[in-house]
Structure formats: structure tokens, C-alpha cells
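Letter by letter, the chains look like this.
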Protein chains: 2
Amino acid sequence: MAFTTLQEMELPAAFDAHVHLRDGDMAQLVAPTIRQGGVNQVYVMPNLVPPITTVEQCLEYRARLRAIEPSVDYLMSLYLHESLTPDTIRAARKAGVTGVKSYPAGVTTNSSSGVLDYALFYPIFAAMEEEDMVLNLHGEVPSTPSSAPLSSSSSSQPAITILNAEPAFLPTLTDLHARFPRLRIILEHCSTGAAIAAVRACGPSVAGTITAHHLSLVIDDWAGDPFCFCKPVAKTPEDRDALLRAVVHSSGRFFLGTDSAPHDSGKKRGEDKIAAGVFTQPYAVGLVLDALETGVERGVVAEADVKKEVLEGFLGGWGRKFYGVEDTRGEKILLRKGEEEIVGLLSKAGLGVEVVPFRRRERTWKVTWK
Amino acid sequence: MAFTTLQEMELPAAFDAHVHLRDGDMAQLVAPTIRQGGVNQVYVMPNLVPPITTVEQCLEYRARLRAIEPSVDYLMSLYLHESLTPDTIRAARKAGVTGVKSYPAGVTTNSSSGVLDYALFYPIFAAMEEEDMVLNLHGEVPSTPSSAPLSSSSSSQPAITILNAEPAFLPTLTDLHARFPRLRIILEHCSTGAAIAAVRACGPSVAGTITAHHLSLVIDDWAGDPFCFCKPVAKTPEDRDALLRAVVHSSGRFFLGTDSAPHDSGKKRGEDKIAAGVFTQPYAVGLVLDALETGVERGVVAEADVKKEVLEGFLGGWGRKFYGVEDTRGEKILLRKGEEEIVGLLSKAGLGVEVVPFRRRERTWKVTWK
């Protein structure tokens, strides 16, 4: 298969290991676009307002999502929070909840209830390891406050900004893996070469997700463009290229988690502070294929390395394997290159929100369900 | 003088060595705010549309500015462009034009006519050196295009992004200074510790300007905030702290050039791509004092180093000395701490533009003219 010359290909339906479906009107708008993107199984993030911290909330949320779009399999998660106990973890496992998502306090959308000190949660992690639940890490440390005295941003240790927040988190990943070696951990939305290396240095119980947009964006793209701004921010061209290489040389350690993060267009354009998040859900698989094609054209990845098993693995197989799930529907998708035009604005009559997608009005692969 | 305890101080009227006054309605809105900021003399940037490339355009532009606000002294500049000749430089000098501004092609607002190859302009620089005119450098190299093949962003040389665009330019500064050692050069809006070091490593014919906003902003501040986004972008806390130290240890090598860059609020909020520029003109002196106070509180600069001669020098004396001008008006300003509230939006009846200032609705020093 010469990947860049293919005009059409058939793949198993994809698994998106990191989605934000929100609730209410936004969920009504977004959940129906999952299958449009070539995906029939998703891992759902719990950062609603308030966050999902009980099994009951979690099951109710899944019921609401199923009511909107029943043809998708929703793997559910709890929000790591001090109200959680080892009993919650055991009950969650019994009820079919898949994992727990950890947000460092204050680094991204709806993370104000997040983690300040991981040691507090060791009993939770021990219970998760015991119950074989997945820990999903938002792998950034909070930025040094502007008002911090020089001693806390001194010459010995550089201050933390959104640029080095992920590399600064990696020792925590390594430490958690050493303490809980059987705990399945995912470093979500890897955005740096350093993150890729840190995941690889861990054992097979640790994996990383990579988004579609981090495979094409760099810092220049989001500076001045609200619709390319997300957390973690896209970094340097060298980092982006490390992510592209991680896709084709994954060996199952990295797989797709789009972190598709819808915000009403007013939160992206009209407000003073711009909400962080790139919305890719309706075009998830096509955007990954486009980024890989650019990677081949630029000489970052070899065409021969973009094998069918790489595409099948990154887009579904490897994520499903790590999560221990299958596509019980056994569905296939047919992709046709360049035949889909990304809409300028996603909206629906009667809903009070509308979302601007990534790469709006450009062309990508069209998904047809077989 | 214990700087941070002062509630009131008297200073000579300030000189702002880098202003964007635009033209038409925007100039009508902005030029009258120069004195509000404590400034009575400015160096005016030539990046209008089309850019100012002839002596006649330059003098006409100054006449329009004088008609709007006659109580300010406008030092004028030409836009470095291939249509310039050594004769233009000699005629410009005779007509009272002060300098020439160099924009690298495509890096900031209205720079599409900018420089691709500095060697083309050596005859111009030679004439400027002869005529003792000032060369103002926007010190960034263009970013590596996203589509560039890997060889041009290879492991030997990192790709250029808005983060390393200024450090990557510094060899050009050093080279131009070596070729034209008597040519007065200003590295405008220094934004990195590397830029400060490069200016210091040159002889006394080279100086640097520092903006008010780069003395307080870091990358986290402009990520997600259109009104803190400018080119060059604010960098790390270590870079910001190097700028604060450069102010108090300037020895005349660094002085205020606000790079106050007004854009209609629609270009900051409503459009898809956000215009680069932070608007500080009406509060120029107060914003510098506030940043220095925070610098003292954070332990970055010693209170004893914020001497009256430092404030007088950075805010006016050193810039005037480098430019070889004086405040012929001999005006004084009285500053009162915290007595000015920055407006939420600068607008004026009958004008088709409105501008959101930096740190809107916060308090700063109030300027009164004596």
C-alpha cells in the first residue's frame, strides 16, 4: 500500500480514547458527530460542571449520551477528586466504569476541582490497580504564578509555563508507574517528544494518546488563532514530528485520543479570555490521515511505515487492546480522500450552542459506514 | 527614594521611542492619548498601508499627526524597502527624517513589504551610517513554514517558531554592527534575555528598546488572551525578568519604546485570526512603573536600584541621548500612584474604530502635566 496515493480505503471502525461530549445542548450537538468521524467507541472524559465524581452520576451521564446517540459504545470515567474512596473505585468497577481521569488543578477546561498533590490519592491508585481500572493523566503541572517571588522561579529551576508544563510533569508519571507498576496509566494528549520518550521508558502498563490536531499544529498556529488553541498547547515542529513518528512506530504504545473539545463559538471569539480546546470529532479519522500524509510529504515519516496495520492499530486496535475492549459491532468504514468539506460552523436548529471545527472549510477524507 | 513606597513623583516628560499611530480614524483616536501616557516626544513607525517609503509621504504623515496633536514632537522614519536608494537617505536626512525601520517580511502587522535579504540593503546602511541616521530593527526571522520538508527543519538546526525567532535573528544584528560599526542601530522591543546580551555585546552605537508590556507578560498571559498577544510574543518568566533587570542596569543601552499597537477591537475579538499588538499608549509611563514595582516585590530587581536617574533615563533621557534630541519644551509630569483607572475601551464619537487597552479596568499611575 502506497499510503499517499490511495484515494479510498476500508478500515475497522475507529476507537477514540479521549472525547469531551459535554452535556445538555452541547452533547446533543456533538454526540451525533462521533460516527461521522469514523468512530463507534469512545472513552468519555468526566469534566462536566460539576465534575462526575460518583458512580451514579457516571451511569446517568452514560444514559443521557446513549439516548442521544445509541450507536456508539461509551466507556466511562470518574473525575479524580478527594471525595473518591477505594470503595467508590470498587463500586465503579462493578458498575462497569472503566477509569479515572486526573486533572491537575487549574490547567485546563473545568479543572478547578483538580489534583494538587498526587500522594493524597495513593490509596485510590492502589484500589484502581487492584481492580484493573485505567488512570488517565492530564500530564501538566500548573504554571508558576506571575506574582511568584524569584526564589520559586529561580535560576536553579526554570519557572513553569504552558511550554514546559508537560515535560515538568513526566517525573510524576515515572514515579506513579514505579509505585503502581500494574496500574494501567495513559498519558493523555502527548504533545512533546519528551512525553513520547517518557511513555516508552515505562513498562507496557503505560500508554499515551495522541490527538489529531497535535499531529499538525505548532505554536505559531495557535498564536492568534482561537480555534487552534488548546491545552496542552501545540509546541515546536520538532515535537510535532516526534508525535508523527510515534504514530507509525507506536508498537501499540500510542493510539488516538482526539481530545476533541467543543466550546460554543462565543467562548472562542466573543469573550475576553479564549476557551482552550480544538474541536475535531466529526472528522477525527480523516484529520489523522491528512496529518500523516503531510508527514510523509515532509519526509518526517517514511511512506512504507504507514502500513495498514499502523492505521488500524493507531485508529482503533491498539487503544481497544489497552482498554481490553472490542468492537462488538464489528463495523467497517470506507474512507474517500478529499471528498468531505469541513463545515464552517456546526449547529442544529433548536440548540443554543454552535461550534467551529478545526480546519473549517478545508477538505478531508469522507467516512461512509458499510 | 524607596521606590515602592512612593505615592507621588515628578519626572521629566517621557520619550517613547517606538509608537504606532496608524492613520485616519485610528490616528485621531490614538495620537491624543500620547500625552495622557506622560509622553511628549515619540519615534513614529512607518508601517502604514502602503508603507512610508518616500520623504514626501513621511512629511505628509507628520503633518497629519501634528494636525491631530500639535503638543507632541514626532520623530519620523522610513520603511526599509527596495525602492529606497542612498539618495533617498540623503534627502531624508536633509528633510529631518530620523531613521529607517526594517521589518523582516511577514512577521508582524503590515510587514508584507519587508526584508528577505539584508545584504541587498548594504548600500542603504552605508548611506545611513554616513548621514548618521538610525536603523530600527524588528529583530525576528520568519518562522519555518508548516509545509517545509524535514531537511529545512532538521536536527542540526531547530525550526524557527515565534519562540526562537528573536534569538535566531541576533547573529544578523551582530553582523550588521560589525559591517557598519558607526551606524546607530536599535534592536526594537527586546523580548528575550538573549537579545539583551546581544545588545550589550555590541558597541555603544547599538541600543535596545523595551516595551511596557514585555516587562510584565509571559507566554501564559497571551495564550488565550487577544489583548496580550503581540509580536514578538512575550516569552518565559526568565526572559521577562532579564528585561526588568536591563531597565535598572541599562547604563543607557536600553530605553522605553512601547510598541503600543492599536487595533480595532473587532480585529482582536471578532475575526478568526487575531491581530498582533498590545495597546499601552495612554498609560505608557504608569505601566512601566507598575511593572518595576512588581519586579521589586518579586525580588527580581533591588529596590535600591530603581533610582530616580534610572526612571528618568529609561523613560526619556537615555532614548533622547541615543537619538540626539532634547525635550525642547522642558515639560514635567506629576505621577500619582493608583489614581488612574484604565478604561475598558478607548473610543470617541464619530470615529469608526475603538481599541481595548492593555490591563483594561485595572488601576495605574495618573499623569498630570505641570
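Sequence order sets the numbering: in each chain, residues are counted from 1 along the sequence as written. Just so you know, chain letters begin at A and ligand numbers begin at 1, following the order they were written in. In keeping with the predicted nature of the model, local features appear solely for residues at pLDDT of at least 70, side-chain atom pairs appear and are counted solely at 80 or more, and the whole-chain, interface and lining totals rest on all residues. The basis for every side-chain value is the complete set of non-hydrogen atoms in the structure, without hydrogens or water.

In the nomenclature of an unreviewed UniProt entry, chain A is known as dihydroorotase of Melanomma pulvis-pyrius CBS 109.77. Of the comments in the UniProt record for chain A, the one headed Pathway (unreviewed entry) reads "Pyrimidine metabolism; UMP biosynthesis via de novo pathway; (S)-dihydroorotate from bicarbonate: step 3/3." UniProt annotates chain A under Cofactor (unreviewed entry) with the comment "Zn(2+)". UniProt positions are given in the numbering used here, feature names are shortened, and annotations may be inferred rather than shown by experiment.

Moving on to the overall build of chain A. The way it works is that DSSP assigns letters per residue, a run of H or I at least four long becomes a helix, a run of E at least two long becomes a strand, and they are numbered from the N terminus. Looking only at helices and strands, one finds eleven helices and twelve strands in chain A. Here the C-alpha coordinates of chain A stretch approximately 55 × 45 × 45 Å along the principal axes. Expressed as a percentage of the 370 residues in chain A, the buried residues total 60%. Contacts in chain A between residues at least 24 apart in sequence constitute 76% of all its contacts with a sequence separation of at least 6. A 1.4 Å probe and the Shrake-Rupley method give the accessible areas. Residues count as covered only by the protein chains that appear here. Of the roughly 13100 Å² of accessible surface on chain A, a fraction of 52% belongs to carbon and sulfur atoms. Asp and Glu count as negative and Lys and Arg as positive, but His and the ends of the chain are not part of the count. Lysine's charge is taken at NZ, arginine's at CZ, aspartate's at CG and glutamate's at CD. Taking the average place of the 38 positive charges on the side chains of chain A and the average place of its 45 negative ones, the gap between the two points comes to 2 Å. Accessibility here uses a 1.4 Å probe with only protein chains present; expressed as a share of the type maximum, an area under 20% marks a residue as buried, one over 50% as exposed, and anything in between as partly exposed. Any two residues whose heavy atoms approach within 4.5 Å are treated as being in contact.

Another point: helix 4 (residues 122-131) of chain A. Residues and elements named next belong to chain A. Looking at helix 4, one finds that the buried residues are Ile124, Phe125, Ala127, Met128 and Glu129. Buried residues along helix 4 sit against helix 3 (86-94), strand 6 (99-102), strand 7 (134-137) and helix 5 (165-179). Positioned one or two residues after helix 4, Asp132 has a phi angle of 60°, which is positive.

Time to look at the environment of B:Leu256. All names here are of chain B. Checked against the element boundaries, Leu256 lands in strand 10 (residues 254-256). Here Leu256 falls in the buried class, since its relative accessible area comes to 0%. Note: C-alpha distance between Leu256 and Val288 (32 residues apart in sequence) is 8.6 Å. Leu256 has contacts with Phe15, Asp16, Ala17, Ile210, Thr211, Ala212, Val288, Phe314 and Leu315, leaving out every residue within four places of it along the chain.

Take the relation of the copies chain B and chain A next. Residues reaching a pLDDT of at least 70 in both copies supply the C-alpha atoms on which the copies are superposed by least squares. Of the transformation placing chain B onto chain A, the axial shift is 0.0 Å and the rotation is 180°, giving an RMSD of 0.0 Å. Such values leave the two copies arranged in the relation of a two-fold axis. Considering only C-alpha atoms, the residue of chain B closest to the rotation axis is B:Arg269, which sits at 2.7 Å. Of all interface residues in chain B, 100% are interface residues in chain A too; the two copies therefore contact each other through one and the same surface.

So, about the interface of chain B and chain A. Each side of the interface is counted separately: chain B has 39 residues, and chain A has 39 residues. Around 3100 Å² of area is buried between chain B and chain A when both sides are counted, 52% of it from carbon and sulfur atoms. Summed over both partners, buried area is the accessible surface (1.4 Å probe) that two parts give up on being assembled. Counting the surface chain B buries against chain A, the share from its top three residues, B:Leu150, B:Asp272 and B:Arg298, is 19%. Whenever a carboxyl oxygen of Asp or Glu lies within 4 Å of a side-chain nitrogen of Lys or Arg, that contact is scored as a salt bridge. Inspection of the region where chain B meets chain A yields two salt bridges. In protein, a polar contact means a hydrogen-donor-capable atom and an acceptor-capable atom, both N or O and within 3.5 Å, with residues adjacent in sequence counting only if both atoms are side-chain atoms; elsewhere, any N or O pair within 3.5 Å suffices. At the boundary of chain B with chain A, the tally comes to 16 residue pairs in polar contact (both at pLDDT 80 or more). Elements that contribute at least two residues to the side of chain B that touches chain A include exactly helix 7 (219-222) and helix 8 (237-248) of chain B. A per-element tally of the side of chain B that touches chain A places helix 8 of chain B first, with five residues.

Quick look at the packing of helix 2 (residues 55-68) of chain B against helix 3 (residues 86-95) of chain B now. Residues and elements named next belong to chain B. A fitted line through C-alpha atoms serves as each axis, taken over the contacting stretch for helices, and the angle formed by two N-to-C directions is quoted from 0 to 180°. Across the interface, helix 2 lies against helix 3 with an axial gap of 10 Å and an inter-helix angle of 30°. Taken together, the axes of helix 2 and helix 3 are roughly parallel relative to one another. The crossing of helix 2 and helix 3 is right-handed. Contacts between helix 2 and helix 3 pair Val55, Leu59 and Arg62 from the former with Thr88, Ala91, Ala92 and Ala95 from the latter. Here the contact of helix 2 with helix 3 is composed, by residue class, of five nonpolar, one polar and one charged. An angle below 35 degrees is read as roughly parallel, one above 145 as roughly antiparallel, one from 65 to 115 as roughly perpendicular, and any other as oblique. Crossing handedness is read from the near helix: turned anticlockwise from the far helix by less than a right angle, it gives a left-handed crossing, and turned clockwise, a right-handed one. Three classes are used, and their members are as follows: Ala, Val, Leu, Ile, Met, Phe, Trp, Tyr, Cys and Pro are nonpolar, Asp, Glu, Lys and Arg are charged, and the others, Gly among them, are polar.

Right, let's get into the side chain of B:His20. All names here are of chain B. As for its position among the elements, His20 is in the loop between strand 2 (14-19) and helix 1 (24-30). A relative accessible area of 5% means that His20 is categorised as buried. For His20, the side chain forms a polar contact with the side chain of Asn47, separated by 3.0 Å. Dropping the residues within four chain positions of it, His20 is found in contact with Val30, Met45, Asn47, Tyr103, Asp259, Ser260, Ala261 and Pro262.

So, on to the packing of helix 8 (residues 237-248) of chain A against helix 10 (residues 284-297) of chain A. Residue and element names in this part refer to chain A. In contact at an axis separation of 11 Å, helix 8 and helix 10 are set at 105° when each is read in the N-to-C sense. Comparing their axes, helix 10 and helix 8 come out roughly perpendicular. In this structure, helix 8 contributes Leu244, Val247 and Val248 to the contact, and helix 10 contributes Ala291, Leu292 and Gly295. Residue composition of the contact of helix 8 with helix 10, grouped by class: five nonpolar, one polar and no charged.

The subject of this paragraph is the sheet that holds strand 12 (residues 363-369) of chain A. Residues and elements named next belong to chain A. Pairing is antiparallel in the open sheet, where three strands are placed in the order 1-11-12. Pairing within the sheet leaves two strands with one partner each, and these edge strands are strand 1 (8-12) and strand 12. Neighbour to neighbour, the strand axes of the sheet diverge by 35° on average, direction disregarded. Of the strands in this sheet, strand 1, strand 11 (332-341) and strand 12 are in contact with helix 10, which crosses strand 12 at around 135°. Paired strands are those between which DSSP finds at least two bridges.

Side chains of nonpolar character tend, in soluble globular proteins, to be buried together. Side-chain atoms within 4.5 Å are what join buried Ala, Val, Leu, Ile, Met, Phe, Trp, Tyr and Cys residues into a set we call a nonpolar core. In terms of nonpolar packing, the biggest core is built from 224 residues, with A:Trp222 and B:Trp222 touching the most fellow members. Setting aside its immediate chain neighbours within four residues, B:Trp222 contacts A:Ile219, A:Trp222, A:Ala223, B:Ile162, B:Cys228, B:Phe229, B:Val233 and B:Ala234. Membership of the second largest hydrophobic core comes to 13 residues, among which are B:Ala17, B:Tyr43, B:Val134 and B:Ala207.

Note on strand geometry: in a regular strand, side chains alternate between the two faces of the sheet. Residue and element names in this part refer to chain B. For strand 9 (residues 206-210), the tally of buried residues reaches five of five residues, placing the bulk of the element in the interior. Of the two faces of strand 9, the one holding Val206, Gly208 and Ile210 and the one holding Ala207 and Thr209 are both buried throughout. Bridge analysis of strand 8 (residues 184-187) against strand 9 gives three bridges, and the strand direction is parallel. Bridging across to strand 9, Ile186 finds its partner in Ala207. Orienting the strands away from the viewer, one traces the path from the first strand over the helix to the second; a clockwise path indicates a right-handed crossover. With respect to chirality, the unit in which strand 8 leads through helix 6 (residues 193-201) into the neighbouring parallel strand 9 is right-handed. Of the strand pairs in this sheet, strand 9 and strand 10 are connected by three bridges, and their pairing is parallel. Its bridge partner lying in strand 10, Ile210 is registered against Leu256.

Residue and element names in this part refer to chain B. Overall, parallel pairing links the six strands, which are arranged 5-6-7-8-9-10 in an open sheet. In this open sheet, the two strands that pair with only one neighbour each are strand 5 (77-79) and strand 10. Neighbour-to-neighbour, the strand axes of this sheet turn through a mean angle of 30°, independent of strand direction. Running over the sheet, helix 5 (residues 165-179) touches strand 7 (134-137), strand 8 and strand 9 and is turned about 170° from strand 8.

Residues and elements named next belong to chain A. The span expected for a helix works out to 1.5 Å for each residue beyond the first. Helix length check: helix 11 (residues 308-323), at 16 residues, gives a terminal C-alpha distance of 21 Å against a target of 22 Å (1.5 Å per residue), a fit within 8%. Where helix 11 is concerned, the buried positions are Val310, Leu311, Gly313, Phe314, Leu315, Gly316, Trp318, Gly319, Arg320, Phe322 and Tyr323. One or two steps after helix 11, the chain reaches Gly324, where phi turns positive at roughly 70°.

Side chains carrying opposite charge are able to pair once their charged atoms draw close together. Residue and element names in this part refer to chain A. Here the structure, examined in full by the defined rule, presents 32 salt bridges over all chains. Across the pair Arg184 and Asp132 runs a salt bridge whose closest N-O atoms are separated by 3.1 Å. One end of the pair, Arg184, is in strand 8 (residues 184-187); the other, Asp132, is in the loop between helix 4 and strand 7, with 52 residues separating them in the sequence. On the basis of relative accessible area, Arg184 is assigned to the buried category, the value being 13%. Take Asp132: its relative accessible area is 34%, and that puts it in the partly exposed class. For Lys366, the salt bridge identified is with Glu340, shortest N-O distance 3.5 Å. On the criterion of sequence distance, the pair formed by Lys366 in strand 12 and Glu340 in strand 11 is long-range, its members being 26 residues apart. For Lys366, a relative accessible area of 31% gives the class partly exposed. Taking the relative accessible area as the measure of exposure, Glu340 reaches 15% and is therefore buried.

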